Amino acid sequence: MSLKPRTIVFEDVWKDLRETVQQVMTLQYVDRSVWSNRFVDVYVICVAHPEPLADRLYLETKTFLEDHVQKLLLERVLVPDAEDAPKDGQSTPSATPSDLLLARYYDAWMEYSRGSQYLNHLYQYLNHQHIKKQKLNEAEVVYGCINHNDSQEKMEVGDLALEIWNQYMIQRLGSELVDQILKGINAERASNSSGQSNKSTNFIRGVIQSFVAVQEYRRKGSLKLYQELFEARMLEESAQHFRIVASELLQVCTVSQYMEKIIKKFEEEEKLGNIYLHASSLSKLRKVCEEEMVTKHMNFLYSECKEMVATEKSADLRNLYILLKPVTEGLKRLIDVFLEHIKEQGKKTIACMKGDSVHIQFVENMLDVHRKYEELIHRTFRSDPLFLGALDKACARIINEKHSNNQVCRSAELVAKYCDSLLKKSKTTEGEIDQKLTRSIIIFKYIEDKDVYQKFYSRMLAKRLIHEQSQSMDAEEMMINKLKQACGYEFTNKLHRMFTDISVSTDLNTKFTNYLNDNWLETGINFSVKVLQAGAWPLGPTQVVASFAIPQEFEKSIRLFEKFYHINFSGRKLTWLHHLCHGEMKLSFEKRNYIVTMQTYQMAILLMFETTDKYTCKELQSSLQLQQEIFQRHLQSLVEAKILLLSEEKMSDETEVSINTNYNNKRTKFKITTNLQKETPQEVEHTMSAVDEDRKMYLQAAIVRIMKSRKVLRHNALIQEILSQSKVSFAPNVSMIKKCIESLIDKQYIERTPNSGDEYSYVA
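Bear in mind the structure is a predicted one, so any value in this text is a computation, not a measurement. (Residues numbered from 1 in each chain as written. Predicted model: local features only at pLDDT ≥ 70, side-chain atom pairs only at ≥ 80, totals over all residues. Heavy atoms only, no water.)

**Structural notes on the overall build of the chain**
When helices and strands are tallied, the chain shows 30 helices and nine strands. Its C-alpha atoms give the chain a radius of gyration of 47 Å, clearly above 27 Å, the size a compact globule of 764 residues would have. Expressed along its principal axes, the backbone C-alpha trace of the chain runs to roughly 145 × 65 × 65 Å. Within the chain, buried positions represent 45% of all 764 residues. In the chain, 102 positive and 103 negative side-chain charges are present, and the distance between their average locations comes to 4 Å. (Helix = DSSP H or I, 4+ residues; strand = E, 2+ residues; numbered from the N terminus. Rg over C-alpha atoms; globule rule 2.2 N^0.38 Å. Buried < 20%, exposed > 50% of the residue type's maximum accessible area, 1.4 Å probe, protein only. Lys, Arg positive; Asp, Glu negative; His and termini not counted. Charge placed at Lys NZ, Arg CZ, Asp CG, Glu CD.)

**What about the side chain of S113?**
Within the secondary structure layout, S113 lies in helix α5 (residues 100-122). In terms of polar contacts, S113 uses its side chain to reach the backbone carbonyl oxygen of M110, at 3.2 Å. (Polar contact = N/O pair within 3.5 Å; in protein donor to acceptor, adjacent residues only side chain to side chain.)

**Topic: the state of the cysteines**
Per the stated rule, a full pass over the model turns up zero disulfides. The structure places no disulfide on C419, whose sulfur is separated from the nearest cysteine sulfur, that of C487, by 12 Å. (Disulfide = S-S within 2.5 Å.)

**A look at empty space enclosed by the protein**
Within the structure shown, the criterion is met by four cavities of 30 Å³ or more. Here the second largest cavity is characterised by a volume of approximately 50 Å³. Around the second largest cavity sit I185, R189, M234, E269, L272, G273, Y276, L277 and L285, which together line it. Going through the elements one at a time, α8 (157-191) and α11 (255-276) are the ones with two or more residues in the lining of the second largest cavity. (1 Å grid on protein atoms, 1.4 Å probe; cavity = no way out; pocket = protein on both sides within 12 Å on 5 of 7 lines; lining within 4 Å. Points joined across faces, edges and corners; volume = space filled by probe spheres on them.)

**Description of the pairing of strand β5 (residues 656-659)**
In this sheet, β5 lies alongside strand β3 (residues 614-616) in antiparallel orientation, the contact comprising three bridges. Within β5, the position partnered with T616 by the bridge is E656. Here three bridges tie strand β4 (residues 644-646) to β5, and the two strands are oriented antiparallel to one another. In the sheet register, L645 faces β5, and the bridge partner there is S658. (Pairing = 2+ DSSP bridges.)

**Some points on the environment of L27**
Examined against the element boundaries, L27 turns out to sit in the loop between α1 (10-25) and α2 (32-46). Relative accessible area serves as the criterion here: at 32%, L27 is assigned to the partly exposed category. L27 sits 396 residues away from L423 along the chain, and the two C-alpha atoms are 86 Å apart.

**Points about unusual backbone geometry**
Residue P50 is reached from H49 by a cis peptide bond, and omega for that bond is 5 degrees. Position of P50 among the secondary structure elements: in the loop between α2 and α3 (54-77). Phi angles above zero are rare outside glycine, and E329 is one such case at about 60 degrees. With respect to the helices and strands, the residue E329 is situated in the loop between α15 (314-324) and α16 (332-351). With relative accessibility at 60%, the residue E329 sits in the exposed group.

**Focus on the sheet that holds β5**
Hydrogen bonds along the backbone pair up the strands of a sheet, which may run parallel or antiparallel. What the three strands build is an open sheet, ordered β3-β5-β4; its pairing is antiparallel. The strands lining the two open edges of the sheet, one partner per strand, are β3 and β4. When the angles between neighbouring strand axes are averaged without regard to direction, this sheet yields 25 degrees. Of the strands in this sheet, β3 and β5 are in contact with helix α26 (residues 617-624), which crosses β3 at around 85 degrees. (Axes fitted to C-alpha atoms, helices over the stretch in contact; angles between N-to-C directions. Contact = heavy atoms within 4.5 Å.)

**Quick notes on the layout of surface pockets**
Estimates place the volume of the second largest pocket at around 820 Å³. Residue lining of the second largest pocket: 32 residues in total, with Q454, K455, S458, K494 and D694 positioned closest to the centre.

**Looking at the pattern of salt bridges**
Across all of its chains, the model carries 37 salt bridges by this definition. K284 serves as the salt-bridge partner of E231, at 2.9 Å between the closest nitrogen and oxygen. One end of the pair, E231, is in helix α10 (residues 224-252); the other, K284, is in helix α12 (residues 279-293), with 53 residues separating them in the sequence. Here the salt bridges share partners, and the residues they tie into one network are D420, K424, R464 and E476. (Salt bridge = Lys/Arg side-chain N within 4 Å of Asp/Glu carboxyl O.)

**Some remarks on the packing of helix α22 (residues 473-487) against helix α23 (residues 489-518)**
Running from N to C, α22 and α23 cross one another at 160 degrees; their axes reach a closest spacing of 8 Å. For the element pair α22 / α23, the angle class is roughly antiparallel. Here the hand of the crossing between α22 and α23 comes out left-handed. Residues M473, E476, E477, I480, N481, L483, K484 and C487 of α22 touch α23, and the partners they reach there are Y489, F491, T492, L495, H496 and F499. For the contact of α22 with α23, the class distribution of residues is eight nonpolar, three polar and three charged. (Parallel < 35°, antiparallel > 145°, perpendicular 65-115°, else oblique. Left-handed = near helix turned anticlockwise from the far one by under 90°. Nonpolar A, V, L, I, M, F, W, Y, C, P; charged D, E, K, R; others polar.)

**Points about the pairing of strand β2 (residues 593-599)**
Here β2 lies mainly inside the structure; five of its seven residues are buried. From the end of strand β1 (residues 582-588) to the start of β2, which pair antiparallel, there are four residues. Two strands pair when backbone bridges link them, and β2 and strand β6 (residues 669-671) are joined in this way by three bridges, in the parallel orientation. Note that in β6 the partner of T597 across the bridge is K671.

**Considerations on the packing of aromatic side chains**
One pass over the full model with this rule turns up 34 aromatic pairs. Ring centres 5.4 Å apart and planes at 85 degrees place the aromatic pair F609 and Y615 in the edge-to-face group. Relative accessible area serves as the criterion here: at 8%, F609 is assigned to the buried category. Cluster of aromatic residues (ring-pair linked, three or more members): F512, Y515, F527, F561, F564, Y565, F569 and W576. The ring of Y58 has K154 sitting right over it, with the charged end atom 5.8 Å from the ring centre. For the cation-ring pair, K450 lies above F444, with the distance from its terminal atom to the ring centre recorded as 5.5 Å. (Phe/Tyr/Trp six-rings, centres within 6.5 Å; stacked < 30°, edge-to-face > 60°. Lys NZ or Arg CZ within 6 Å of the ring centre and 35° of its normal.)

**Points about the sheet that holds β6**
Across the sheet, which stays open at both edges, the three strands sit in the order β1-β2-β6 with mixed pairing between neighbours. Every interior strand has two partners, whereas the edge strands, β1 and β6, have only one. With direction set aside, neighbouring strand axes in the sheet form an average angle of 25 degrees. Sheet strands touched by helix α25 (residues 600-607): β1 and β2. Its angle to β2, the strand with the most contacts, is close to 130 degrees.

Set out below in structure tokens:
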């Protein structure tokens with residue numbers, strides 16, 4: 001067979017081709033050889049000589065399809081219902097009378113749509129070599145290279161067949177078809193039997209899909225017919241149906257029952273939509289359902305909200321969340337009620353705190369509240385960030401609440417004490433300590449006055465390190481790293497330096513021992529020193545006790561160490577903090593010997609009795625050169641331990657002090673404690689005043705830094721900048737910021753801009 005163009009008689013070729021097209025469109029059997037010949041006929045027509053006849057073939061095919069669809073309409077779809085009724089002796093058809101039109105349309109569409117696909121393959125050469133080449137190039141149209149009137153754009157044969165179906169079938173029957181579809185869908189809604197009648201379901205789904213399929217070839221607006229013909233009416237009738245259902249339920253149901261039935265209705269509609277509708281309609285149907293059954297009845301749904309939250313009804317709250325989540329601002333009231341409930345519960349748990357373990361009760365009670373409502377949010381509200389945010393706000397308000405303007409919030413102090421109790425030596429395992437410290441960070445993050453926490457924590461850490469009370473140095477370091485992750489390097493800088501000093505001191509003591517051995521020197525006692533950087537440790541000048549007559553037993557060791565230290569570190573000054581020192585002393589009595597751990601001043605008092613049995617208080621104090629308050633406190637601790645005896649109950653200068661020669665204790669090794677290591681009210685007050693001073697310096701530095709970069713700034717803008725920068729460490733009040741601004745004006749760092757009362761400028 002030659003593929004060269006040749007002269008043909010169109011009518012003769014079209015006659016055979018038309019017969020095959022008829023067979024294809026009615027899904028009759030076509031022999032392979034006949035199919036091949038008809039494929040060649042299409043090619044021959046398209047390349048005919050002297051002039052291609054593709055346009056004529058296209059027009060003849062179009063005319064055939066138009067006639068075919070009109071014939072289907074009249075002979076198969078629009079037949080009277082009586083013709084489809086069962087004859088005498090015949091079985092009842094599977095379709096109900098209301099389904100007959102849908103069934104006939106569906107059968108005709110299934111045959112036609114498949115036939116059009118086969119026809120498109122048969123006309124493949126026409127589609128690719130003739131129609132596609134004639135399609136307008138979009139770029140040429142935009143830039144005006146082609147005139148729209150020069151040629152008329154043609155569709156591929158398969159698309160043409162669909163367009164003809166739309167024009168002659170759907171445009172004629174569309175309204176009736178949609179009536180029957182909606183009738184069937186509403187019947188299924190009423191019987192709650194989505195998809196139970198398989199044939200009826202297929203008819204409805206197939207007809208709806210035909211509305212989409214006939215315009216799928218379009219690049220834009222492929223769903224226009226579906227949306228205008230069916231979707232708009234479907235949504236309108238659905239809204240009316242939902243309105244009626246909601247009205248009926250509201251008359252007989254409680255809020256809890258109503259929510260359960262509405263959620264079930266949502267599930268039914270989703271199932272129905274998945275069966276029948278195009279995917280683009282599902283969200284629209286859901287929105288209509290939410291509008292009619294939820295949004296319009298918000299007040300009813302919220303009528304029992306407070307009770308649900310107060311009694312923590314998880315099932316009802318979960319249902320309420322599911323219904324309100326998609327509604328704009330729907331969750332706002334629920335979140336507010338939930339937040340207030342957490343606040344109330346949190347306040348109740350910390351209101352009953354008392355005793356010496358207030359810090360433990362505070363942190364663990366708050367952690368219990370946080371854990372409880374975090375689990376509730378996860379279980380009930382699907383870990384919604386809005387509810388987690390409400391939990392954060394509630395916890396922050398509880399933890400940072402001040403009962404009065406003059407009262408200081410103690411949360412930072414209590415959390416620091418809680419960490420201190422964990423990190424001190426105890427029977428708690430390291431695993432438990434790690435777990436509790438990790439959880440304490442949850443409460444720490446809510447604290448606004450983190451600088452207060454830092455002050456208390458650093459003071460307590462200093463005591464643990466100096467008095468060697470830490471349970472584990474690894475746990476100490478882990479906690480500092482957690483604080484560093486939460487607040488940054490600056491927050492833990494001094495804490496790291498304290499750790500460094502302890503490790504350096506260990507090496508220094510080793511070198512001192514080597515120095516003594518190398519020079520054949522002896523101290524006469526076991527002696528170790530911790531050298532602390534003045535700027536890193538919270539040991540302010542008020543705590544340094546200058547007056548103290550060092551016992552001669554200690555003098556040699558101290559002088560040797562000072563000599564060794566100045567050899568290795570010239571130019572550094574050593575200040576001895578005797579009030580922080582401690583040691584072990586062996587006490588020998590008639591009955592037994594004891595090894596007692598005590599502080600330096602206690603040791604100094606007892607050493608006075610090596611040669612003399614009795615002293616007056618005045619003699620002891622003047623010999624040791626101690627301040628009266630400090631002397632009495634340490635003497636009292638020895639009296640309470642029954643190592644020393646007083647001649648009278650009330651201590652005075654003339655009171656005689658003597659050794660208790662009949663001292664007896666079941667333990668041969670023990671420790672004498674004083675209240676020095678405990679946080680006194682004076683120390684707490686000193687810590688808070690130190691925090692205030694640090695805040696003033698921080699704010700002044702921040703103001704100078706901001707003004708140096710901005711040069712000129714209005715008062716309110718400056719306040720906002722300062723609040724933004726300081727929120728990491730603390731939340732300053734505006735009055736403190738104003739005082740700092742005034743102080744800097746007095747110091748001539750900044751000045752008020754002339755002719756403007758609320759603007760400042762930087763003084764270079």
